[in-house]
Each structure stands twice: as C-alpha cells, then as structure tokens.
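# What the coordinates show
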Amino acid sequence: MSTAIGLYGVSFAYDTEEEGQAYALKDVSFEIEKGSFVAVVGHNGSGKSTLARLLNGLLIPTVGRVKVFGYDTCDEDTIYEIRRRVGMVFQNPDNQMVASVVEDDIAFGPENLGVEREEIIRRVDNALASVGMSDYRKSTPFRMSGGQKQRIAIAGALALCPEVLVLDESTAMLDPKGRAEVMGVVRRLNREQGITVIHITHYMEETLDCDRVIVMDGGSVALDGTPSEVFGRGEELKRYKISPPYVTWLADALARAGLDIDRAIYTREEMEESLCRLLSKD
Amino acid sequence: MRDVAFGQYYPVSSPIHRLDPRLKIVFTLLYVVTMFFVSSYTAYAVILIFLLALCGFSHIPPSAMFKSIKGIIILLILTSVLNLFFYGGETSVVWQWWIFKISPEAIDSALKLMLRLILLIMGTTMLTFTTGATELTDGIESLLKPLNLIKIPVRDLAIIMSIALRFIPILIDETDKITMAQKSRGADFDSGNIFKRAKALLPVLIPLFVGAFRKADELADALDARCYNASPKRTRMKKITFAVRDLIALIVFAALVAFVFLDKYLIGGADTYIVKLFNIIVEFFKGL
Amino acid sequence: MPIVVKGLSFAYSKGTPFEKKALDCVDVEISDGQFIGIMGHTGSGKSTFIQHLNGLIKVQSGEIDVDGIHLTSARRPKPDYKKLRSTVGMVFQYPEYQLFDETVIKDVAFGPKNLGLSKEEAFARAAEALRLVGLDPDEIGERAPFELSGGQKRRVAIAGVIAMRPKILILDEPTAGLDPYGKEQIMSLICRLKRECSPTVIVISHDMDEITRYADRLIVFSEGRVAFDMPMQELFKHGQELEAIGLELPSCVSIADNLRLKGIELGDDIVNMDGLAKAVVKAARERGIECGDIASVRWYGEEGE
C-alpha cells in the first residue's frame, strides 16, 4: 500500500491578539494509506479542523511538511494538483454551495479546472449517482434536509475526481437520519471506488468500522490505532474528553460494578453476546 | 415562496419558460424602449393583445399579470392626475378652476401615459414570471461575455451573482430566526417612533451581519477547496442553445416592434384610420 | 398552571398556492414540573408547535392556555405577550448566533430590560443568570460575547433567557453541534436549571439515547400531528411504528428486546441506560453473581457539570 497523505513534524500557529502566537497543532506526524478509512476524533479545540485544512493546502504548516501524493502543500505551483486530489466537505451544508441549482453547484469544481463540457456532464451524472441524488439534479438545495445537502456537497467534491475525501465535521449539524445517509454514502465510496476517506468527527459511533482512529488532544496525536485498540483505553479517553458509544459507557459501568464484562465493547451485538454469556450461567 | 429570490417566478412549464433567457432579456430591454414610441391607442391595444397571448402561451393566468400593477398603483394615479391638470402643450381648455385645467389633449396624454406605465410593468413582469433566477444570471453572463475583451471579469461577476442568489433565501430565513429569538426575549419591533424602531433592529442586524461574515469566511474556504481560480480557461457546463421556438419568438417580437414604429412614422397613428373606418361603417348602416 | 393545547392547526403561506400544513389538530397537556422531550424528524411540526407556546406564531385555529394566558385566533383581547414571554423562556437552535451586545452582561440583561425592569435590576438578574449557567459574571461580564469559546457562548445565550425567570423553559436542540463533552455539560446544566429556576422543561431532541436519560415523558410528532404521547415504557413497544417515522429505539431498549428473544428477560420497563444497567445487576444477583450497585451510567463522572 502506498501513502496518500503524509504529515511530517507539522506544527501550526496562528496569531492571537493577547498572547502572540498560539499553537493549534504541535509536531504532528503520521501517514495515511491509500484506500483506507481513517477517523480523526477529538473534542472542540483539539486541533481537528486545523488538521483538515492542512490536508489540502487551505492552511500551510508553520513548521514541517504536508505531502499529498508526493506534492508538498507549500509549493504554490502544484496546489491545484493537491486540491483536485483531495476533495473536502465542510461542516455547514449551507455555507459551501455556490449555485441555486444542484447540477450547477456540482459542475463548479470541474468548470474551474477547465474540463470539457461533455466530460463535466458525465462527471455530474456520476457524482449524483454515487450519492444517490440523481433525481434532484434540477432542484434547489434550499428546502432539502441537512443529509441531502451534505450529499450534494459530497457530489460537488466528487466531481473533481478526487482520490481522497476529507470530511471536516460534516455530520456535526445533522440529525441521526442525515448522519446515517452521509456515512452510508462515504462508506460505499471507500469500499466501491477505493477513495481514501479522512473523517473528522466527534461522534465515536461513526468510527466503529474504520480502519484506523486517530485521537487528537491539545494539538497532538494522543492515540492512534484500530477502533478496538482505541476504545479499550477508557480512562485515557475520559482524559481527552472523548466519549465512546453509549454501549461502552454501559460496559464500563457494569465492569466497575464487578461484573465480568469487557470494558472495550463498542457495538450493540458484542454487548448482547456478553450479557447473554453472563446471564446464561445459572 | 422563497425558493426564488425575486419571488416573482411562476413555476410552471411552458414554451415561453423554455425560451433562451438571453432572448428574453434582450426582448424585455427592446420592449421597454419600444414602449416610448407607441403613439396610438390601436398600438396599445395590439400590445395588450400580445401580452394576453403571452400569458396564454406561458400558462400564467392573466390575473397574475394584472396584479403586478398593484405595487405602482399610487404612482400611476399620481402621475396621471398631474398630467391631467398640468398638461403643458397647446390646449383647447374645456374646464378650468384656479391653476387646474382640463383639455381633451390633457385627457389623451394622461390616458396614454397611464397605459404606457401599465403595459411597461406588465411586460417586464413577464420576464421574471417566466425566467428563473439562475437562468437570468446565466443569460446576463452570456450577454456580457464580450466585455471579457476589455478585461472585465464576467465569469467572476456571474459567480458573485449566483452566490448572492443562493444566499438571499438563506439570509431571509436567518433574519426570521433571529427576529423570533429576540422577540421571545421580549424585543419589541412594532412600537415607538422611527428612531426607536431603528434601534430595536440592532439585536437582529448585528447577529445577521456577524453570521454573514462567518458564512463568507467558510464559503471562501469551500471555493478554494473546489479549485476556484485553478485554470485561466474556465469552462461552462451549461450551454444556452438557440432553438426553433426562439426563432419563432424572434419573428413575432420583431413584427410587434415593426408595427409600433410603422404606426408612428409611416401610418401616423392608426387611430384616425380606425375612426374613419368606423365612420364609414356607420354611414353604411345609416344608408341602409 | 399547566399548558393546555386544544385542536391546534397551522398552515404556512395560508391561502396561497404554496400553502403548507405544519400542524394538524394537535392536543397536548403539559403539567407543571415535567421534563418533556419532543421528537420528530425535520418538518414534523415540532418547531412550529413550540413557537406557538411563546406566542411567536399567531394561532390560526384551536386554542392554547399557558399559565392562565389564553391564546386564540381572535384578535381581541390581545394576549399579554410580555407576561407570556417572561413565563415561557425559549432557547432557539444555535442560540450563540443571536448574541449581539458589546458585553456579555448587557446581552444577558436585554431580556429583563425588555420586561421593563430598571437597569440595576436587569443587571442584577443578568449576573444571577450567568452564575446559574456556571459562568462568573465578574470574570466574563465585561467581555465581548464574540471572544468567548463556543460552549461559553451557548451558556451566555441560555443565561439571556434564564434572566427573564421563566417558569417554563423550552430549548430547541440545545446540544446541536457540540462535542460529546459539551453536550453532557449542557444537559446537566438544563437539569440543574429545572431544579433551581424553571420547573417545567421542554427539549426538542433528535437523540433518543440522550433524551431518554433526562426526560420523563416523550411527545413524538409526525406530519403535523402528535403521533405518540404515552409513558415511555409503552412507547418503546411501538418500535416498528417509530422506525416508520424515522426514529430509532434507544439502544438500551433494543438490547433488552434482543436479549428477550434469546430467552433472557430483563423486564419491560427499561427506557434508558440506567434502567438497563440496574436490570442487569438485578438479573445477575438473581443468578447468584455478586456485584456492586450502579447509581447511574455516566462517562465523565461527576465533574461533567
């Protein structure tokens, strides 16, 4: 497997009025494999959003390097090579659409790249089909549900034919139904089209079937591993103000009451099995 | 109905709705100019018939078109009355009181002015009735394209227009929400003098502006992430095509404009002929 | 005095081709001291409903009685809106976006001032409200609201409503957009406000697992009607119907249901995590397994609020 994006000793500082420079990220290094599904979690202010904006050169590291398919984000000449490969979906669905008609909005990216007209139409068709919104081609996004708007935003990114999709808290403002819609679409894109997904979120439930979970705290990587590795570190998670799914809360409480339950359980099925095992013993 | 920013769009499907938006914009501009050359009641009648036919073809109830005058009714009455009493040209006064006087010429002039304004509004309304906001911007962009030659960034202007259109309904919605929130905190927007009321709006306006700037900030990131400014030769997905129905529309419209000008400069007002014709018919029936 | 809503119907853009029915003959009674959860997907009418309780939407048909204030479609007598708005406090979604004044204390005092209180009284109330939401008025009172952190801003916005001393507090998705820690804090704050100042609390929520931890009654809206309004134990027996209107059962209920299918009965009165944990402890003891008690299932411990 090859590397899609690599961060090498990345720090990012911004100017504040009172204290001079403040670091949002401190010495972060990791590589993201092509085709993987990586979740980045962390409480508000842990540096997640800064991280997202470093991945496609919207922000440039103060120290260190971010490399995307070999291109350095510092290099202004190749910045569009990076942005074309790293599609990005933001938090507020209303603040990232440029047109009042769905298809016009999706066409915006390829139009900027100077793609031929026929090819743009093909891309818009494909992008809409990929997010399951083909019927809404001529509609206006204004009265759509949050989940639908975010799917349109994903389609807008897909029209660039990206290899990586970065979701910057794209599910934070959605209701559970909308979240499920978006997560379904993103998982399918990862599985079927091999698109690398970097999903930044504070819903631990959405990280359960990821290949890898990176936990951010205070601008640094606090934990990095598979979901089961990360969820097993209950006390540390509490310290990083991260909350696992409710099932893990329950497992934690039962284990502390002295029952024979694995604290790292994070799916409903596992919980049911453990309770079955526990309570079948006569 | 906020899906359309101008609140005027009549969302039905019709041949007129499908006309090339550029053509409709040009027609509307020409229509406005032409209206100032209309000289006879016959021509006004022809234009009214044209507008009614337009309603028919665009599946818009004529009542909707007539309603568009409602907004200018005061202006209409005021200008007509002024024109009626203070007509400046040579007159054969039939009624006079203090500085007011009425003459047949004044009546004629006031009537024509009124007709002109009414038809002007109704005609231009048909453009917004049958053309969506996006189509309008597309049309304007396409028409302004030649300005690219003198280094005016037409595409950027078009994107600004498009973003503005997209955000108008969002901002209206936001205004509603903030107004409600402040009302529930006891804010009173409806009483007091004008200064008090203006001041009462601050709790709505400030969050609205702060919000708009936040939106603009996020939007800037979104534009960059989608490679805005990546290539000097941007392409367009939408191509406005000129169809047969556009040609037909062109011919019909040209005929209308031609009639107005012929009426004014060659025939010298068809009214006299119609009156003559009417007289002949009357004579004919008298003869029987 | 309770809230009584009878036959409330409402349509947006009434009498135009774009008319859209939002509420259809809604009957609801809410007695004092309840913690009500209101659920329903986007467009189910729940927001329109709560906006009626604050007089923000004029009644089209039906009637509402809030703490003795009568709201009907009749123009006269004009209801006492000032009194209504000091009785019913309403916290909108993302309330931090409605802050506007130069300092925190002035912003919070906006409501009390509108009630006609003197400047001193209003400021005293604002300081009290800030303390109630866990902020120190001396420390942040003179700061600009825009410099605060997201969580602080939301608290300030809630304080702005609390300062009007409402007996009924309505919050529209108070935890939307916050991280789990922030959510936990805001929910504990709401519980404390219920204890200390507003005995009746109505919360709109999308998160079954979250709302069942706090509410003692759920009202489910769908297509402008009250689809369900019954004790939660009863409600969660309608899993399929809930799913049909886009709501999932709380995970503790589905765990208990699935265990029942496997022959393990934990009781049918489980509505939240605490209930499930207690039922498991009880069942374990019945089977001779020793274990401690579980008071409540929490993740962050007591320092959450």
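Definitions and limits used
- Residues numbered from 1 in each chain as written.
- Chains lettered and ligands numbered in written order.
- Predicted model: local features only at pLDDT ≥ 70, side-chain atom pairs only at ≥ 80, totals over all residues.
- Heavy atoms only, no water.
- Salt bridge = Lys/Arg side-chain N within 4 Å of Asp/Glu carboxyl O.
- Helix = DSSP H or I, 4+ residues; strand = E, 2+ residues; numbered from the N terminus.
- Buried < 20%, exposed > 50% of the residue type's maximum accessible area, 1.4 Å probe, protein only.
- Contact = heavy atoms within 4.5 Å.
- Phe/Tyr/Trp six-rings, centres within 6.5 Å; stacked < 30°, edge-to-face > 60°.
- Pairing = 2+ DSSP bridges.
- Domains from an automatic or database assignment.
- Buried area = accessible area lost by both parts, 1.4 Å probe.
- Core = buried A, V, L, I, M, F, W, Y, C linked by side-chain atoms within 4.5 Å.
- Axes fitted to C-alpha atoms, helices over the stretch in contact; angles between N-to-C directions.
- Left-handed = near helix turned anticlockwise from the far one by under 90°.
- Nonpolar A, V, L, I, M, F, W, Y, C, P; charged D, E, K, R; others polar.
- Patch = residues over 30% accessible without salt bridge, like charges linked within 9 Å, V, L, I, M, F, W, Y side chains within 5 Å.
- Areas by Shrake-Rupley, 256 points an atom, 1.4 Å probe, with all protein chains shown as cover.
- Polar contact = N/O pair within 3.5 Å; in protein donor to acceptor, adjacent residues only side chain to side chain.
- Lys, Arg positive; Asp, Glu negative; His and termini not counted.
- Charge placed at Lys NZ, Arg CZ, Asp CG, Glu CD.

Counted under the stated rule, the structure contains 56 salt bridges over all chains. The partner of E235 of chain A in a salt bridge is K238 of chain A, and the shortest N-O contact between them spans 3.4 Å. A residue pair is termed a helical-turn pair when its members lie 3 or 4 positions apart in one helix, as E235 of chain A and K238 of chain A do in helix α8 (residues 234–239) at 3 residues. Between E248 of chain C and R268 of chain A there is a salt bridge whose closest N-O contact spans 3.9 Å. Here E248 of chain C, found in the loop between α10 (239–244) and α11 (251–261), pairs with R268 of chain A, found in helix α10 (residues 268–280), and the two come from separate chains. Since its relative accessible area comes to 54%, E248 of chain C is described here as exposed. Via salt bridges that share partners, D104 and E111 of chain A together with D138, E141, R155, R236 and K238 of chain B belong to a single interconnected network.

Turning our eyes to something else, we now look at α11 of chain C. The complete set of buried residues in α11 of chain C reads S251, C252, V253, S254, I255, A256 and L259 of chain C. For α11 of chain C, the secondary structure elements touched by its buried residues are α9 (246–256) and α10 of chain A together with α8 (208–214) and α12 (273–286) of chain C. In the stretch just after α11 of chain C, G263 of chain C is the one whose phi turns positive, near 90 degrees.

Residue and element names in this part refer to chain A. Counted according to the given criterion, the structure contains 13 aromatic pairs over all chains. When the centroid spacing of 4.7 Å and the interplanar angle of 35 degrees are considered together, the rings of F231 and Y266 count as tilted. Taken together, the residues F231 in helix α7 (residues 227–231) and Y266 in the loop between α9 and α10 connect sequence positions 35 residues apart. Both residues of the pair, F231 and Y266, count as buried.

A few words on the pairing of strand β10 (residues 220–225) of chain A. Residues and elements named next belong to chain A. In the sheet, strand β9 (residues 212–217) pairs with β10 via 5 bridges, with the strands oriented antiparallel. Bridged to M216 within β10 is V221. Connecting the antiparallel pair β9 and β10 is a turn made up of 2 residues, with G218 showing a positive phi of about 55 degrees.

This part takes up the domain arrangement of chain C. All names here are of chain C. According to the domain assignment, chain C consists of domain 1 (3–244) and domain 2 (251–304). Each of domain 1 and domain 2 has a C-alpha centre, and the two are 32 Å apart. Contacts between the two partners involve 12 residues from domain 1, matched on the other side by 12 residues from domain 2. Approximately 1100 Å² of surface area, both sides summed, lies buried where domain 1 meets domain 2, with 53% of it carried by carbon and sulfur atoms. Between K237 and D268 there is a salt bridge whose closest N-O contact spans 3.8 Å.

So, on to the nonpolar core. Ranked by internal contacts, the top residues of the largest apolar core, which has 99 residues, are F236 and L266 of chain C. Per element, the largest residue contribution to this core is 8 residues, and it comes from α12 of chain C. Among all residues touching F236 of chain C, those that are not within four sequence positions of it are M208, T212, L218, L242, L249, P250, V253 and V271 of chain C. With 37 residues, the next largest nonpolar core counts A39, V131, M133 and A153 of chain A among its residues.

Much of the literature gives interface size as the accessible area that the parts lose upon coming together. Each partner contributes residues to the interface: chain A has 37 residues there, and chain C has 39 residues. When the two sides are added together, the surface that chain A and chain C hide from each other amounts to roughly 3500 Å², 69% of it contributed by carbon and sulfur. Considering only the surface of chain A that becomes buried against chain C, Y246, W249 and L279 of chain A emerge as the three largest contributors, covering 21% of it. Applying the counting rule to chain A against chain C returns 1 salt bridge.

The next subject is the sheet that holds strand β7 (residues 164–168) of chain A. As a general point, the strands of a sheet are linked pairwise by backbone hydrogen bonds and lie either parallel or antiparallel. All names here are of chain A. Taken in spatial order, the 6 strands make up an open sheet running β6-β7-β8-β3-β9-β10, and their pairing is mixed. Across the chains shown, the open sheet's two edge strands, defined by having one partner strand only, are β6 (86–89) and β10. On average, adjacent strands in this sheet sit at an angle of 20 degrees to one another, irrespective of strand direction. In this sheet, β9 lies alongside strand β3 (residues 37–41) in parallel orientation, the contact comprising 4 bridges. For V41, the partnering residue across the bridge sits in β9 and is V215.

This part covers the packing of helix α8 (residues 154–184) of chain B against helix α10 (residues 202–225) of chain B. All names here are of chain B. Their axes nearest at 10 Å, the elements α8 and α10 cross at an angle of 145 degrees. Between α8 and α10 lies a crossing whose hand is right-handed. Contacts between α8 and α10 involve I163, F167, I170, L171, E174, T175, I178, T179 and Q182 on the former and, on the latter, P203, V204, P207, L208, R214, K215, L219 and L223. Looking at the contact of α8 with α10, its residues break down into 11 nonpolar, 3 polar and 3 charged.

Residues and elements named next belong to chain B. Taken together, L78, L82, F86, V94, W95, W97, W98 and I99 make up a surface patch of nonpolar side chains, about 960 Å² in accessible area. Put simply, the parts of the chain that give the nonpolar patch at least two residues each are α5 (73–85) and β1 (95–97). Turning to its location among the elements, L78 is positioned in helix α5. Residue classification places L78 among the exposed residues on the basis of a relative accessible area of 54%.

Attention now moves to the interface of chain B and chain A. In this complex, chain B contributes 34 residues to the contact, which on the side of chain A involves 41 residues. Of all residues in chain B, R166, R226 and M237 of chain B give up the largest surface area on contact with chain A, accounting jointly for 28% of the area buried on that side. Between R226 of chain B and D105 of chain A there is a salt bridge whose closest N-O contact spans 3.5 Å. Applying the counting rule to chain B against chain A returns 17 residue pairs in polar contact (both at pLDDT 80 or more). Listing elements by their share of the side of chain B that touches chain A, those giving two or more residues are α8 and α10 of chain B.

This part covers a positive patch on the surface. There is a patch of like positive charges on the surface, built from K58, R75, R76 and K78 of chain C. Relative to the elements of secondary structure, R76 of chain C occurs in the loop between β5 (69–71) and α2 (81–87).

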